Amino acid sequence: ADQILTAGIDLSVGSVVALSGIVATATLKLGLPVAFGLPLAVAAGLAFGALSGGVAGVLVARFSVAPFIVTLALMTVWRGVAFVATEGRPVWDLPPAFGTLGGARLLGIPFPTLVMAAVYVTAHVALAKTRFGRHVLAVGGNPEATRLAGIRTKRVVASVYVLCGTLAAGSGVLLASRMNSGQPNAGLMYELDVIAAVVVGGTSLSGGRGSIVGTFLGAMLIAVLRNGLNLLD
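Rules used in this analysis
- Residues numbered from 1 in each chain as written.
- Predicted model: local features only at pLDDT ≥ 70, side-chain atom pairs only at ≥ 80, totals over all residues.
- Heavy atoms only, no water.
- Helix = DSSP H or I, 4+ residues; strand = E, 2+ residues; numbered from the N terminus.
- Rg over C-alpha atoms; globule rule 2.2 N^0.38 Å.
- Buried < 20%, exposed > 50% of the residue type's maximum accessible area, 1.4 Å probe, protein only.
- Contact = heavy atoms within 4.5 Å.
- Areas by Shrake-Rupley, 256 points an atom, 1.4 Å probe, with all protein chains shown as cover.
- Lys, Arg positive; Asp, Glu negative; His and termini not counted.
- Charge placed at Lys NZ, Arg CZ, Asp CG, Glu CD.
- Phe/Tyr/Trp six-rings, centres within 6.5 Å; stacked < 30°, edge-to-face > 60°.
- Core = buried A, V, L, I, M, F, W, Y, C linked by side-chain atoms within 4.5 Å.
- Axes fitted to C-alpha atoms, helices over the stretch in contact; angles between N-to-C directions.
- Parallel < 35°, antiparallel > 145°, perpendicular 65-115°, else oblique.
- Nonpolar A, V, L, I, M, F, W, Y, C, P; charged D, E, K, R; others polar.

A.B. asks: Looking at this structure, I do not really get the overall build of the protein. What am I missing?
C.D. replies: Looking only at helices and strands, the protein has 11 helices and 2 strands in total. For the protein, the α and β elements follow one another from N to C terminus as α-α-α-α-α-β-β-α-α-α-α-α-α. For 233 residues, the compact-globule formula gives about 17 Å, and the C-alpha radius of gyration of the protein, at 18 Å, lands near that figure. Taking the principal axes of the C-alpha coordinates as reference, the protein spans close to 55 × 40 × 30 Å. With 233 residues in all, the protein has 41% of them scored as buried. Within the protein, contacts between residues at least 6 apart in sequence are counted, and of these 78% link residues at least 24 apart. Here the protein has roughly 12100 Å² of accessible surface; of this, 69% comes from carbon and sulfur atoms. The protein carries 15 positive and 8 negative side-chain charges, and their two centres are separated by 12 Å.

A.B. asks: I keep staring at the packing of aromatic side chains and nothing clicks. Help me out?
C.D. replies: Applying the stated criterion across every chain yields a total of 2 aromatic pairs. The interplanar angle of 75° and the centroid separation of 5.1 Å between the aromatic rings of Phe48 and Trp78 together place this pair among those described as edge-to-face. Of this pair, Phe48 sits in helix α3 (residues 34–62) while Trp78 sits in helix α4 (residues 67–86), placing them 30 residues apart in sequence. Per residue, the accessibility class of Phe48 equals that of Trp78, and both read buried. Between Tyr120 and Phe216 the ring centres are 5.0 Å apart and the planes differ by 80°, which places this aromatic pair in the edge-to-face class. With Tyr120 in helix α6 (residues 111–129) and Phe216 in helix α11 (residues 212–231), this pair connects stretches of sequence that are 96 residues apart. Look at Phe216 and you get partly exposed, because its relative accessible area is 29%.

A.B. asks: Whenever I open this one, the nonpolar core confuses me. Can you help?
C.D. replies: What tends to happen in soluble globular proteins is that the nonpolar side chains get buried as a cluster. Counting residues in each nonpolar core, the largest one holds 35 residues, and the members touching the most others are Val16, Leu19, Leu28, Trp78, Phe98 and Val157. At 9 residues, helix α9 (residues 153–179) tops the list of elements feeding residues into this core. If near-sequence neighbours (up to four positions away) are discounted, Leu28 is found in contact with Gly37, Leu38, Ala41, Leu94, Pro95 and Phe98.

A.B. asks: Would you explain the packing of α6 against helix α7 (residues 131–141) in this entry?
C.D. replies: For any two helices packed against each other, the geometry comes down to the angle between their axes and how far apart the axes lie. It is at 5 Å that the axes of α6 and α7 come closest, and there the two elements cross at 70°. As judged from the angle between their axes, α6 and α7 are roughly perpendicular. Residues Ala126, Leu127 and Lys129 of α6 form the contact with α7, whose participating residues are Arg131, Gly133, Arg134 and Leu137. For the contact of α6 with α7, the residue count by class is 3 nonpolar, 1 polar and 3 charged.

Following this line, the structure appears as structure tokens:
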């Protein structure tokens, strides 16, 4: 949601989901002890997401390249890297402990659901109650006025892309854990679901207006349309 709040967009999230899962699972395949290898694998996946977001953020904020062009290019590049690195085959035969990230339950609640709740709550507080959140909304509403007010707009925009890349990578690691494999075709078309959820949730594509609560409701609506109706036959 943050990119769209700054009047930007990110089309690379699906490819980041796939490649971050592959990075994490490939790290596990190094054969390190699980107690050390598992945290390292998660960190490697998240680091790739932050790197991807950093590349996009620098190109958009520093060099004023259109976000659509930058993220479309990264979407293609990362998906290609995922297929080339794996030769189109999943990374499998992973330590059983890796599957607990996506399959564990706490008080009967799946761990990924708890992660999702924590991310939404943190994002809502950050957007509604912190200086950074106000800066994000200000940049999307009027970037020139925000710059003249002394806010480092380029830093805000770059930070938003790094944050989005990191969160997409976290999703990729959890998805790889649930599937117990790194899949080069994971996350296909996720970018359209992400944008739809944000826009349906009331965030303006022109930036400056929106909320995390609305994004959550939009995501739930998309999930019902995509999966809930099938489950209800």
